[in-house]
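So you can see what is in the structure, the chains are spelled out below.
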2 protein chains.
Amino acid sequence: MTKKQQGKQSVRFENPPVICGAASVVGQKEGEGPYGDCFDQIELDPKVGGDTWEDAEGRLQERAAQLAITHAGCGKEAIRYVVAGDLLGQLMASSFGLIDLEKPLFGVFGACSTMGESIGIASMMVEGGFADYVLAMTSSHFASAEKQFRFPLGYANQRPKASTWTVTGSGAVVIGAEGAEHGKARIAGITTGKIVDYGVKDTMNMGACMAPAAADAIVTHFTDFKTGPEVYDRIITGDLGMVGKDILLDILSAKGYDIADIYMDCGIEIYGKDPQTNAGGSGCGCSAVMLAGYILKQLESGEWKRVLFVPTGALLSVVSFNEGNSIPGIAHAVLLESLVS
Amino acid sequence: MTKKQQGKQSVRFENPPVICGAASVVGQKEGEGPYGDCFDQIELDPKVGGDTWEDAEGRLQERAAQLAITHAGCGKEAIRYVVAGDLLGQLMASSFGLIDLEKPLFGVFGACSTMGESIGIASMMVEGGFADYVLAMTSSHFASAEKQFRFPLGYANQRPKASTWTVTGSGAVVIGAEGAEHGKARIAGITTGKIVDYGVKDTMNMGACMAPAAADAIVTHFTDFKTGPEVYDRIITGDLGMVGKDILLDILSAKGYDIADIYMDCGIEIYGKDPQTNAGGSGCGCSAVMLAGYILKQLESGEWKRVLFVPTGALLSVVSFNEGNSIPGIAHAVLLESLVS
């Protein structure tokens, strides 16, 4: 076991990679929420000038990628790899949206935990010396997700209180080696999650599917790093929403951890108290745009010193669900530290 | 740029990771082909004791994973991460098949190039010191693939000559650090591919979709490593089939490379001259089981000294196809060297 291996499932970087550029591109509804001012671009056309919902989502990725590279200031040539994925079957948004970027691509899927997975892989590539700069990103789109996972939009189905609203948006970060200019935060470590299945079968309650996986990733992180909630300014999950939040806090409480005071969920935050979104926002894009648009700014300013960022995913598939399967969860934690001492 | 970075898109490992265990589990048709004796397990039940095609494919993954770990001799505890994926929407086979493995999972998608992608990521994790042992794997299943991408089996559609037959099988390798026992071959380097889109729209001709991406990966590999066909015992693509093979050789010939004498395609090989399979085998499992069952044995014995293994993927989605999109390709090359001097 090398020095970089921390506990059972974690990595502590010896030379922590740095997020040196970030970008968030969102839709109108996200732009009208309480974090609207934080995002780099708000696109009013739900199809983003494209022909289909999938095309629209791909265009969000393309824009976020270009903008993150511009913000990083390293130049497109310096980007060696892209690690990207989305919720759609065969990663349609990434597969088509990133063609014109012409970069070697590692396609990844971790449902809504994808931003945690892509940052984890990209960080290891950079710290391992395999690349100077790697772009890590993901996206989601309300309409492409509803079309794939739930009902046709025209059907206007009723949404229960536990349901969440898939965020239309793409978030991207450029990860560079330690000492890179324009640093926003350092990636001190990662805790990669296992699939956790509590047998939940309610597609309208993704929070309940994901909360056990989030709890597992957070507790494993504490154990691996021999820490507890007290050393973090925030512990931030991806898209548990109001229902998932309660379950997560309950599970952690039963394990002896009280994180309520420092807890935040991107899904609960992104739309504020908009009644249409019920339990909150969700989708790969939710935690990705909140990271790029808000969380990294708090770290860059030094307002927050240490954040555990835990995107959460529900491994929902229409086929497996219709075959009677449960919806397992997975979550990947990223330990972010401010560069301001 | 560090010493590990080779050319524009490649990595040359300073301390090459080693494949220290491998396993292949296939279906009846694959077992009856010319390589039947090479595979570890031949499963006669197309549902592998499960209820659905997706379940069956997940069970193939679970078996291949367990067997590869046994063959590696490192013990399950030593496996730090799993890098796995498949063709199905939301990676159903990996998401459900690998739950009981209880290992941190990086889900990946590169269509039928997935084995190249998972080996690439796993190799960087091991060589970078982030893990002692990583399991890299993938699968496909004829029936789950037909159901998702083409027609219901009961419809008994006619298959054109250019079509391929999705392999039912899962291949897995355990990758360990240099010096690991039971070494079968070393991973000397990788060349990660870009998405290449020649605008092909024929879902019954995957070979034509993928051949340009394979050519791009192979030429990039030659350029990055400053080599040519003469230093390889074999250059082996994943599942181009008879049609894709001709296109690949033509493209390479036009670029000044003649690889015909050392060229092999797992898809052309796996079923021999079975007329039912038309242009050959395909699917993530095709190159994965041929690697685990045959290619690694040739390297382990020293029969082959150096092989460029290039799994090839067609980024086909039913949704994007029905929306009028083309089928872009991607290919990831892995440079394998024999440990026998």
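Basis of the calculations
Residues numbered from 1 in each chain as written. Chains lettered and ligands numbered in written order. Predicted model: local features only at pLDDT ≥ 70, side-chain atom pairs only at ≥ 80, totals over all residues. Heavy atoms only, no water. Buried < 20%, exposed > 50% of the residue type's maximum accessible area, 1.4 Å probe, protein only. Helix = DSSP H or I, 4+ residues; strand = E, 2+ residues; numbered from the N terminus. Pairing = 2+ DSSP bridges. Axes fitted to C-alpha atoms, helices over the stretch in contact; angles between N-to-C directions. Parallel < 35°, antiparallel > 145°, perpendicular 65-115°, else oblique. Contact = heavy atoms within 4.5 Å. Nonpolar A, V, L, I, M, F, W, Y, C, P; charged D, E, K, R; others polar. Phe/Tyr/Trp six-rings, centres within 6.5 Å; stacked < 30°, edge-to-face > 60°. Lys NZ or Arg CZ within 6 Å of the ring centre and 35° of its normal. Buried area = accessible area lost by both parts, 1.4 Å probe. Salt bridge = Lys/Arg side-chain N within 4 Å of Asp/Glu carboxyl O. Polar contact = N/O pair within 3.5 Å; in protein donor to acceptor, adjacent residues only side chain to side chain.

All names here are of chain A. Across the 5 residues that make up strand β17 (residues 333-337), a large majority, 5, are buried. Of the two faces of β17, both are covered, the one formed by A333, L335 and E337 as well as the one formed by V334 and L336. Relative to β17, strand β10 (residues 185-191) runs antiparallel, the two sharing 5 bridges. Note that in β17 the partner of I190 across the bridge is V334. Two elements, strand β14 (residues 306-310) and β17, share 4 bridges in a ladder whose sense is antiparallel. When the bridges of β17 are listed, F309 appears paired with V334.

Okay, the packing of helix α4 (residues 114-127) of chain B against helix α9 (residues 284-301) of chain B next. Residue and element names in this part refer to chain B. As a packed pair, α4 and α9 sit with axes 8 Å apart at the nearest point and diverge in direction by 60°. Regarding the angle of α4 to α9, the classification is oblique. Across the interface between the two elements, T114, M115 and I119 of α4 pack against C284, S287, A288 and L291 of α9. When its residues are assigned to classes, the contact of α4 with α9 shows 5 nonpolar, 2 polar and no charged.

Enumeration according to the criterion identifies 16 aromatic pairs over all chains in this entry. Taking 4.0 Å as the distance between ring centres and 10° as the angle between the ring planes, the aromatic pair formed by F142(A) and W165(A) counts as stacked. Taken together, the positions of F142(A) in helix α5 (residues 142-149) and W165(A) in strand β8 (residues 165-166) put the pair 23 residues apart, joining distant regions of the chain. Accessibility classification places F142(A) together with W165(A) in one group, the buried group. With centroids separated by 5.7 Å and ring planes inclined at 85°, the aromatic side chains of Y294(A) and W304(A) adopt a geometry described as edge-to-face. Of the two residues, Y294(A) is situated in helix α9 (residues 284-301) and W304(A) in the loop between α9 and β14; the sequence distance between them amounts to 10 residues. A relative accessible area of 4% means that W304(A) is categorised as buried. The ring of W53(B) has K47(B) lying over it, and the distance from NZ or CZ to the ring centre is 4.9 Å.

For the rest of this paragraph, the subject is the interface of chain B and chain A. At the interface, 62 residues of chain B touch 62 residues of chain A. Summed over both partners, the interface of chain B with chain A buries about 5000 Å², with 62% contributed by carbon and sulfur atoms. Among the residues of chain B in contact with chain A, R80(B), Q90(B) and F130(B) are the three that bury the most area, contributing 16% of the side total. There are 2 salt bridges connecting chain B and chain A. The shortest N-O distance in the salt bridge between K147(B) and E323(A) comes to 2.8 Å. The interface formed by chain B and chain A includes 30 residue pairs in polar contact (both at pLDDT 80 or more).

Moving on: unusual backbone geometry. Most peptide bonds take the trans configuration, and most residues that are not glycine carry a negative phi. All names here are of chain A. Even without being glycine, A111 reaches a positive phi, approximately 50°. Checked against the element boundaries, A111 lands in the loop between β6 (105-107) and α4 (114-127). Given the relative accessible area of 1%, A111 is considered buried. Of note in the backbone geometry, N278 takes a positive phi value of approximately 50° without being a glycine. Overall, N278 belongs to the partly exposed group, its relative accessible area being 23%.

Let us look at the pattern of salt bridges. Pairing between side chains of opposite charge can happen when the charged atoms of each approach one another. For the structure shown, the criterion picks out 24 salt bridges over all chains. Of the charged contacts, one joins R186(B) and E337(B) as a salt bridge, the two residues approaching to 3.3 Å between their closest N and O atoms. Taken together, the residues R186(B) in strand β10 (residues 185-191) and E337(B) in strand β17 (residues 333-337) connect sequence positions 151 residues apart. Connected via shared salt-bridge partners are E54(A), K147(A) and E323(B).

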